[in-house]
Amino acid sequence: MREEMRTFGYLCPKCGKTVMKARSVFALEASGAEVECDCGGSALTAVFDGERYQLTVPCGLCGGTHTAVCSREQVLEGAVALACAETKQFCCFIGPEGIVEKNLRELEILAEKEKRQEINLPAKYMARLNAYRKRYRAALVVCAFLIVCVAAMFVITATSDNATILNYESKLIDRYEHWEEELKEREAKVREREEAAGISVQNSHGPESTQE
Ligand SMILES: [Zn+2]
Ligand SMILES: [Zn+2]
């Protein structure tokens, strides 16, 4: 003969794990039940006074402990869910194993979600983070402006004729070469004129010489 069992399930506020254990109806009627988490940090108790069950439930949602009074029928027949007074969510389930297991899994997911939402940085860190964000944005604008300036300088350097620190040597050589060419040209012109003058002198001498 198979003994009739009731399953108790709750979320341990100490370790965050689900606790699920079965107790026989016989044992419950005789001495109630204590369902302890494997971590030893929490325990659910059900005390039977002959008429009703006095339940003490560690709450994995708010971290506190809740008490409830349930009728004998509620605990021994069907399924019952106890709500957390703080979060208004179910934090404890008593009933057939399948139903308790399913609800516990949902409770675990809910608790995970709430924990994730709680991981918000304190306000003063958020304020500092926002200040850094603003400074970062301002620095980004300044950097972009400076990059444009540098690019513009390169363009000016590449296109202008003025000597700069980057091209002064070739510019100077170019300039001296240019001067040298100019000098040579002038020299050539002067020579031309001298020769022309010489020729004219010779020409003027010519007639003189012919006059002689
Ligand atoms: Zn635990
Ligand atoms: Zn609670």
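Residues numbered from 1 in each chain as written. Chains lettered and ligands numbered in written order. Predicted model: local features only at pLDDT ≥ 70, side-chain atom pairs only at ≥ 80, totals over all residues.

Draft legend 1. Molecular detail of the overall build of the protein. Of regular secondary structure, the protein possesses five helices and eight strands. Per-residue burial over the protein gives 17% buried out of 212 residues. By sequence separation, contacts in the protein at least 24 residues apart represent 40% of the contacts at least 6 residues apart. (Helix = DSSP H or I, 4+ residues; strand = E, 2+ residues; numbered from the N terminus. Buried ≥ 20, exposed ≤ 12 C-beta atoms within 10 Å, placed from the backbone. Contact = placed C-beta atoms within 7 Å.)

Draft legend 2. Representation of the environment of His66 in the model. Among the structural elements, His66 can be located in strand E6 (residues 65-71). Sequence separation of His66 and Leu44 is 22 residues, and the distance between their C-alpha atoms is 9.7 Å. Excluding anything up to four places from it in sequence, His66 contacts Val57, Cys59, Leu82, Cys84, Ala85 and Cys91.

Draft legend 3. Examining helix H4 (residues 123-159) more closely. Taking 1.5 Å of rise per residue, the 37 residues of H4 would be expected to cover 54 Å, and the 54 Å separating its terminal C-alpha atoms lies within 8% of that figure. Counting buried positions along H4 gives zero out of 37 residues, so the element sits mostly on the surface. (Expected span 1.5 Å × (residues − 1).)

Draft legend 4. A look at the nonpolar core. Ranked by internal contacts, the top residues of the largest apolar core, which has 27 residues, are Tyr10, Leu44, Ala46, Val57, Cys91 and Cys92. Elements with a contribution of two residues or more to this core: strand E1 (5-11), strand E3 (33-36), strand E4 (43-48), strand E5 (52-58), strand E7 (80-83), strand E8 (90-95) and helix H3 (97-118). Looking at this core, the element that brings in the most residues is E8, giving four residues. Not counting residues up to four positions away in its chain, the partners in contact with Leu44 are Phe8, Tyr10, Val35, Thr56, Val57, Pro58 and Cys92. (Core = buried A, V, L, I, M, F, W, Y, C linked by C-beta atoms within 7 Å.)

Draft legend 5. Structural view of the pairing of E1. The buried count for E1 comes to six of seven residues, which makes it a mostly enclosed element. Bridging between E1 and strand E2 (residues 18-24) involves seven bridges; their strand directions are antiparallel. In the sheet register, Tyr10 faces E2, and the bridge partner there is Val19. Hairpin connection between E1 and E2: a loop of six residues separates the two successive antiparallel strands, and Gly16 in this loop has a positive phi of roughly 80°. (Pairing = 2+ DSSP bridges.)

Draft legend 6. Local environment of the sheet that holds E5. Taken together, four strands build an open sheet; the order of strands is E3-E4-E5-E6 and the sheet is antiparallel. Looking at strand neighbours, the two that pair on one side only are E3 and E6, the edges of this open sheet. If you compare each strand with its neighbour and ignore which way they point, the axes differ by 10° on average. Bridge analysis of E3 against E4 gives four bridges, and the strand direction is antiparallel. Bridging across to E4, Ala33 finds its partner in Ala46. (Axes fitted to C-alpha atoms, helices over the stretch in contact; angles between N-to-C directions.)

In short, shape yes, function no, at least from these values alone.
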